[in-house]
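Structural features, examined
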2 protein chains.
Amino acid sequence: MVQSPDWLHYQAEIHPQREALIFGQQRWTFAELDADVARLAGILADWGIGLQHRVAYRLRRSPEQVMLAHALTRLGAVLVPLNTRLKPGELEPIIQNADPTLIVEDGSDFAWPDTGHRRIILEELMEGSLAQPLFTATLNFEDLHALVYTSGTTGTPKGVEITVGNQWWSAMGFGLNAGLEPHDRWLHIMPLFHVGGLTILFRSVIHGSTVVLEEGFDQVRTYDTLIRERISLLSVVPTMVHRLLELDGDAPPHLRLALLGGAPAAPALIERAHQRGYRVVPTYGMTETCSQIVTLEESEWPKRAGSSGHPNLPVDVRIMKDNRPLPAGKVGEIWVRGPMVARGYWNNPQATRTTFHDGWLRTGDIGYLDPDGFLYVIDRLRDMIIRGGENIYPSEVEQHLVGHPGVSDVAVFGVQDEEWGQRVAVAVVVSDPALTPKDLRNFLSNRLASYKIPSIYYRVDAIPRNASGKILRATLRDQTSAMTKWTENHDL
Amino acid sequence: MVQSPDWLHYQAEIHPQREALIFGQQRWTFAELDADVARLAGILADWGIGLQHRVAYRLRRSPEQVMLAHALTRLGAVLVPLNTRLKPGELEPIIQNADPTLIVEDGSDFAWPDTGHRRIILEELMEGSLAQPLFTATLNFEDLHALVYTSGTTGTPKGVEITVGNQWWSAMGFGLNAGLEPHDRWLHIMPLFHVGGLTILFRSVIHGSTVVLEEGFDQVRTYDTLIRERISLLSVVPTMVHRLLELDGDAPPHLRLALLGGAPAAPALIERAHQRGYRVVPTYGMTETCSQIVTLEESEWPKRAGSSGHPNLPVDVRIMKDNRPLPAGKVGEIWVRGPMVARGYWNNPQATRTTFHDGWLRTGDIGYLDPDGFLYVIDRLRDMIIRGGENIYPSEVEQHLVGHPGVSDVAVFGVQDEEWGQRVAVAVVVSDPALTPKDLRNFLSNRLASYKIPSIYYRVDAIPRNASGKILRATLRDQTSAMTKWTENHDL
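All of these numbers come straight from a predicted model, not from anything done at the bench.

1. Notes on the sheet that holds strand 11 (residues 185-188) of chain A
All names here are of chain A.
- In space, the nine strands of this open sheet follow the order 3-2-12-11-13-14-15-16-17, with mixed pairing throughout. Both edges of this open sheet fall to strand 3 (26-29) and strand 17 (310-311), since each of them pairs with a single strand only.
- Most of the contacts of helix 2 (residues 30-46) go to strand 3, to which it runs at about 90°, and overall it touches strand 2 (19-23) and strand 3.
- Across the sheet, helix 9 (residues 238-246) lies against strand 13 (233-236), strand 14 (257-260) and strand 15 (280-286), angled at about 115° from strand 13, the strand it touches most.

2. Let's talk about the domain arrangement of chain A
- Structurally, chain A comprises domain 1 (3-376) and domain 2 (384-488).
- Relative placement of domain 1 of chain A and domain 2 of chain A: their C-alpha centres are 31 Å apart.

3. Describing the pattern of salt bridges
- In total, this model carries 48 salt bridges over all chains according to the counting rule given.
- Across the salt bridge formed by arginine 60 of chain A and aspartate 106 of chain A, the nearest N and O atoms sit 3.9 Å from each other. Linking arginine 60 of chain A in the loop between strand 4 (54-58) and helix 3 (63-75) with aspartate 106 of chain A in the loop between strand 6 (102-105) and strand 7 (119-121), this pair joins segments that are 46 residues apart in sequence.
- Residue classification places arginine 60 of chain A among the partly exposed positions, given a relative accessible area of 48%.
- Between arginine 119 of chain B and glutamate 105 of chain B there is a salt bridge; the shortest N-O distance is 3.1 Å. Taken together, the residues arginine 119 of chain B in strand 7 (residues 119-121) and glutamate 105 of chain B in strand 6 (residues 102-105) connect sequence positions 14 residues apart.

4. A look at the sheet that holds strand 14 (residues 257-260) of chain B
Residues and elements named next belong to chain B.
- Read from one edge to the other, the open sheet built from nine strands follows the order 3-2-12-11-13-14-15-16-17, with strand pairing classed as mixed. One side of each edge strand has no neighbouring strand; the edge strands of this open sheet are strand 3 (26-29) and strand 17 (310-311).
- In the sheet, strand 16 (residues 291-295) pairs with strand 17 via two bridges, with the strands oriented antiparallel. Across the sheet, threonine 295 pairs through a bridge with histidine 310, a residue of strand 17.
- Running over the sheet, helix 9 (residues 238-246) touches strand 13 (233-236), strand 14 and strand 15 (280-286) and is turned about 115° from strand 13.

5. Details of helix 9 of chain B
- The set of residues buried in helix 9 of chain B consists of Pro238, Met240, Val241, Leu244 and Leu245 of chain B. Seen end-on, helix 9 of chain B carries its buried residues on one side only, within an arc spanning 160°.

6. Thoughts on the nonpolar core
- In terms of nonpolar packing, the biggest core is built from 226 residues, with Trp7, Leu44 and Trp168 of chain A together with Trp7, Leu44 and Trp168 of chain B touching the most fellow members.
- Discounting chain neighbours no more than four positions away, the residues touching tryptophan 168 of chain A are Trp7, Phe141 and Ile206 of chain A together with Trp169, Leu176, Leu313 and Pro314 of chain B.

7. Digging into the interface of chain B and chain A
- On the side of chain A, 36 residues touch chain B, which itself brings 36 residues to the contact.
- Carbon and sulfur atoms make up 63% of the surface buried where chain B meets chain A, a total of about 3,000 Å² over both sides.
- Linking chain B with chain A are zero salt bridges.
- Put simply, chain B and chain A have seven residue pairs in polar contact (both at pLDDT 80 or more) between them.
- Breaking the side of chain B that touches chain A down by element, the ones donating at least two residues are strand 1 (3-5), helix 1 (7-14), helix 6 (164-178), helix 7 (195-207) and strand 17 of chain B.
- With five residues, the top contributor of residues to the side of chain B that touches chain A is helix 6 of chain B.

8. Some words on the packing of helix 3 (residues 63-75) of chain B against helix 7 of chain B
All names here are of chain B.
- One way to put it is that helix 3 packs onto helix 7 with a least axis distance of 11 Å and a crossing angle of 65°. Where helix 3 crosses over helix 7, the two elements pack in a sense that is right-handed. Residues Val66, Ala69, His70 and Thr73 of helix 3 touch helix 7, and the partners they reach there are Leu201, Phe202 and Val205.
- Its residues assigned to classes, the contact of helix 3 with helix 7 comprises five nonpolar, two polar and no charged.

Reading guide: rules and limits
Residues numbered from 1 in each chain as written. Chains lettered and ligands numbered in written order. Predicted model: local features only at pLDDT ≥ 70, side-chain atom pairs only at ≥ 80, totals over all residues. Heavy atoms only, no water. Pairing = 2+ DSSP bridges. Helix = DSSP H or I, 4+ residues; strand = E, 2+ residues; numbered from the N terminus. Contact = heavy atoms within 4.5 Å. Axes fitted to C-alpha atoms, helices over the stretch in contact; angles between N-to-C directions. Domains from an automatic or database assignment. Salt bridge = Lys/Arg side-chain N within 4 Å of Asp/Glu carboxyl O. Buried < 20%, exposed > 50% of the residue type's maximum accessible area, 1.4 Å probe, protein only. Arc of directions from axis to C-beta. Core = buried A, V, L, I, M, F, W, Y, C linked by side-chain atoms within 4.5 Å. Buried area = accessible area lost by both parts, 1.4 Å probe. Polar contact = N/O pair within 3.5 Å; in protein donor to acceptor, adjacent residues only side chain to side chain. Left-handed = near helix turned anticlockwise from the far one by under 90°. Nonpolar A, V, L, I, M, F, W, Y, C, P; charged D, E, K, R; others polar.

Structure, rendered in structure tokens:
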């Protein structure tokens, strides 16, 4: 069994004066963060929190939340970060499933569901008296490190079991791909309760890089932070790139990599970003793989435009159909194996059995590998539209439509149809008021087979997306009756 | 169990055109090396070599040897590199212990011991016909990867069981410490049959860096290679640094790190190297830890002069006495734990039991940790001299003596003595013919306690060292009768 000395304390020993965490005007060196975390870990130990105890937290975006994450790690406890956007009714099944020893909150106004679990306010916890600060620890790679509840686009949230080892390997995969530079500085603008935001915290202490925690994304302020804090690394979703490109300024000079995740990225967006000097690279990953496992290096652009990149070492990716691997070029379900793949779903043996097979994770995504092992993700299996026996991938259609100058945002989805089984529908946010569905059909007719061209059009003000930027296609499907049809053409 | 796609093939997929191997005028890209290795692996498979078969090889320093190492790795076979300096009588017990399926040789003149093992000449093997090249493989981290026989300064060689995982973790430890830069280029001047030279080959394919294989160390030619090939990384033993510093030229401009290992380095040497612009950093490691596990970053110099550095993540180091850990500052035996620590000694359960304890490696080295976790290695346990109940560490005395301008090289060792148990002897290579033992005693008297000052002096032409640069103290002890005493002073 692999073990490791506590990561944060390690960095405090070798780089005590290096900046570890920045939040607005507040700054902590690794030595200072280590000391604050040692204090908090000591207090939590006095509260009886120990090895593999589950501690849930619902906290505002704050350096104290970062400290709590490191303190729980040092204690060998299990982090259960709760999504602050969820309503009490949505949170209740998560708390019931995680059944935490303790819930830490920030005292903000929230109608906690009555689950009978003990709650404490973080500020009061930190003001508590302390017997002994806790500086060192041995981390066991096979221990559970976090339960991250998937913000899946459908169904009940599942608690993904992230181990200590998963965090480590996720950090390694990133470093092997992106390189490790001793003075890297991350701008952290992802939610702290998602795997993407959580892994940045642990990459930082494993690699010794600085985290600059932004209060939230604001294109003007965030751009200013990128420059002022000499940011070299950034994780973003496509919307953020869109907004940064709306600004006039040059790409921030120290930014060496902007990892684009969350939702499939249109090649046109990446192309625009590159033209403006933003080193944006597509990635692929999910909660079950402890974030990014596939990255397209900048040097592969535009040769492999549309690819999410090559799996990071030592990730193995296979394309499967009927439980057999397919050769290069063939489309099937993406299966993934590697030491960053989660153990299963907490307290959910049925979902675990369905998704995790003999070391392999069935991602539910559809794609193919090219002969050099580069992955092209086509779509979610469940989002695939089957029209008269033909498979249609919504994201393929969307990627063409966003290239139309009159389209600001777009989502393609299937609707039930007696004749075809399903038909292709599209919701469009227009930037040109004169645009008509006929224009879009004409635009697509040279680009796509006719069966892929949407036959049902909706004009909407915004596309519903989750916190990661993924289109909520189920929401669209459910809300068609409330949306105004733009036009309809049954002949397509 | 952790698995990985074949490392070399991975690099060939993502960086096909990057240089992988350079030897004089010959150059291979990763795609070219991958193809040559695929061919050789296919031939070896036709010969029946498969998973966990042990294949010994005694080969001249050549790119073909590198290809063989990668081909065996791809097949899941076990590399048994044989030290080309050993005499047939020295090799025999190693071959008997390893009991290989096949021995690969280069056809050079060598009186092979008659052990009954099948031998083949590499050139003939490579000229053989081929059914099918072998491009891909799955590497299992728990499989044995190599048996590296220790060039211990005493005793029978032991086959250190290096696993595939050990190689991986060794590469990770290096990368986390030194950083990973996408275009790193290693100058490889270490023996390929030692762990230090072997690990460079696998770091290269795990990190995607270039290996420039030198025929051997020659200060003028090697300096030229450092500049011409834009070398950024280098592993050296102290003698090589000495010789490079004898040259007039500036430090090679692309060299970002020269890892100093093999023998304890005198702070004076490192200081001189730094003054000349060579970024030399002390390291600590051994065959049983799959090479370097502790590194002193340049920024710690001269604050922690004399330290070998901080353990790389996730290595755990303890200082032990009577099976109990000692606090910071206390001197004891160095114990090491981590996923790069070897599994044991091949076919030698007794030595395995003595050295490997419950995940910990008893290094047999003496040292202490400072309060920040930095390691100071004092000496080998077995080299320690006990004079009248006082412990004396030869390397401490040597490090002072090499600082004397009239001393070119020096070795301190113990000799049996009825009165004191042991007395301190020294063999000196002088650079100033006028130097006398009295000068050295005076020089030391302000620097060391009197009981540590050598009382027996020999003048020698050269200090006997092994291939790693380690002083062969046992040889010195055995040869005192053949050495001319320089003077003797029983009063000390």
